[in-house]
Amino acid sequence: MEREKALKLLMKYNKENFHIQHALTVEEVMKWYASELGYDADYWGIIGLLHDLDYEMYPQEHCIKVVEILQSENYDEDVIHAICSHAYNIMVDVKPEHEMEKVLYAVDELTGLIGAAARMRPSGSVSDMELKSLKKKFKDKAFAAGCSRDIITNGAEMLGWDLDKLLSMTLEAMRASENHISEQMSNIY
Ligand SMILES: [Fe+2]
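Asks: Just give me the short version of the overall build of the protein, but keep the residues and values in it.
Replies: Secondary structure assignment for the protein yields nine helices and zero strands. Here the C-alpha radius of gyration of the protein, 16 Å, is about what a compact globule of 189 residues would show, namely 16 Å. For the C-alpha atoms alone, the extent of the protein along its principal axes is close to 45 × 35 × 35 Å. Relative to its 189 residues, the protein shows a buried fraction of 49%. When contacts within the protein are restricted to residue pairs at least 6 apart in sequence, long-range pairs at least 24 apart make up 65% of them. Summed over its atoms, the accessible surface of the protein is roughly 9500 Å², and 49% of this surface lies on carbon and sulfur atoms. Side-chain charges of the protein comprise 20 positive and 33 negative groups, with the mean position of each set lying 7 Å from the other.

Below, the structure is given as structure tokens:
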């Protein structure tokens, strides 16, 4: 029910394939982390699915406009706080506090980097991507330059994890969900 409502809302504010794929990816990665860390996977998934809700239509008001939208849809303050906190120090001053918020902050840019690295592979997939090759792409600042290495590094620090742990876990999360995401994308388009 909650997921259906959230997906409907996502589709209302997001029309571009790229944004929808990113939302579904972050949803799956958040669910994976929730299961791994012993939290509510459905709840973490909704946060992932909706985290960039306002970005396509209101890029200048990212994580600001979303407050209004989510309030009018009766989402509670915890959901709104979690979503806004992923733009901490970029668009808003809402600091990630809960472990879920720190994971979201850390994986948002990282899933973009891993996705871009996957597209460069002959397989076009994360299934055969090794941590070593991801680390190379991470260090190559010219590669997928839009994915902020600083945010990823800060995210790992917030979690108290070393960077390798964040990279390898997120890689595993994306491996586990890749097929499910492509299935969903082909159902949408
Ligand atoms: Fe995002």
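From this point, the discussion proceeds with the structure in view.
Asks: Summarise helix α9 (residues 163-188); cite the residues concerned and give the values.
Replies: The sharpest bend along α9 measures roughly 50° and falls at Ser177. Every buried residue belonging to α9 is among Leu166, Leu167, Met169, Thr170, Leu171, Ala173, Met174, Ser177, Ile181, Gln184 and Met185, and all of these are buried.

Asks: Any chance you could break down the pattern of salt bridges for me, citing the residues and the numbers?
Replies: Under the counting rule described, the total for this entry stands at four salt bridges. Note that Lys65 is salt-bridged to Glu68, the shortest N-O span being 3.0 Å. One end of the pair, Lys65, and the other, Glu68, are both in helix α4 (residues 65-72), three residues apart, so they sit about a helical turn from each other. Asp164 is the partner of Lys135 in a salt bridge, and the nearest nitrogen-oxygen pair spans 3.0 Å. You can see Lys135 sitting in helix α7 (residues 131-139) and its partner Asp164 sitting in helix α9, a full 29 residues away along the chain. Using a relative accessible area of 31% as the deciding quantity, one classes Asp164 as partly exposed.

Asks: Explain the nonpolar core to me, using residue names and the numbers behind them.
Replies: Ranked by internal contacts, the top residues of the largest apolar core, which has 61 residues, are Tyr33, Leu50, Leu70 and Leu166. Here the element with the most residues in this core is helix α6 (residues 99-119); it accounts for 11 residues.

Asks: Break down the packing of helix α3 (residues 41-50) against helix α5 (residues 77-84) for me, citing the residues and quoting the values.
Replies: With their axes 10 Å apart at the nearest point, α3 and α5 run at an angle of 55° to one another. The orientation of α3 with respect to α5, classified from their angle, is oblique. In this structure, the crossing between α3 and α5 has a hand that is right-handed. Across the interface between the two elements, Tyr43, Ile47 and Leu50 of α3 pack against Asp78, Val79, Ala82 and Ile83 of α5. Residue composition of the contact of α3 with α5, grouped by class: six nonpolar, no polar and one charged.

Asks: Break down the coordination of the iron ion for me, with residues and values.
Replies: Protein-derived ligands of the iron ion are His22 (NE2), His51 (NE2), Asp52 (OD) and Asp108 (OD), with the metal-ligand distances lying across 2.0 to 2.3 Å. We note that the donor set of the iron ion lies within a single chain, spaced as H-x28-H-D-x55-D. Within this pair, whereas His51 is found in the loop between α3 and α4, its partner Asp108 is found in helix α6, the two being separated by 57 residues in sequence. With respect to class, His51 is no different from Asp108; both count as buried.

Cut-offs used in this document
Residues numbered from 1 in each chain as written. Predicted model: local features only at pLDDT ≥ 70, side-chain atom pairs only at ≥ 80, totals over all residues. Heavy atoms only, no water. Helix = DSSP H or I, 4+ residues; strand = E, 2+ residues; numbered from the N terminus. Rg over C-alpha atoms; globule rule 2.2 N^0.38 Å. Buried < 20%, exposed > 50% of the residue type's maximum accessible area, 1.4 Å probe, protein only. Contact = heavy atoms within 4.5 Å. Areas by Shrake-Rupley, 256 points an atom, 1.4 Å probe, with all protein chains shown as cover. Lys, Arg positive; Asp, Glu negative; His and termini not counted. Charge placed at Lys NZ, Arg CZ, Asp CG, Glu CD. Bend = angle between axes of the 7 residues up to and from the residue. Salt bridge = Lys/Arg side-chain N within 4 Å of Asp/Glu carboxyl O. Core = buried A, V, L, I, M, F, W, Y, C linked by side-chain atoms within 4.5 Å. Axes fitted to C-alpha atoms, helices over the stretch in contact; angles between N-to-C directions. Parallel < 35°, antiparallel > 145°, perpendicular 65-115°, else oblique. Left-handed = near helix turned anticlockwise from the far one by under 90°. Nonpolar A, V, L, I, M, F, W, Y, C, P; charged D, E, K, R; others polar. Donors = N, O, S within 2.8 Å, 3.2 Å for Na, K, Ca; no water.

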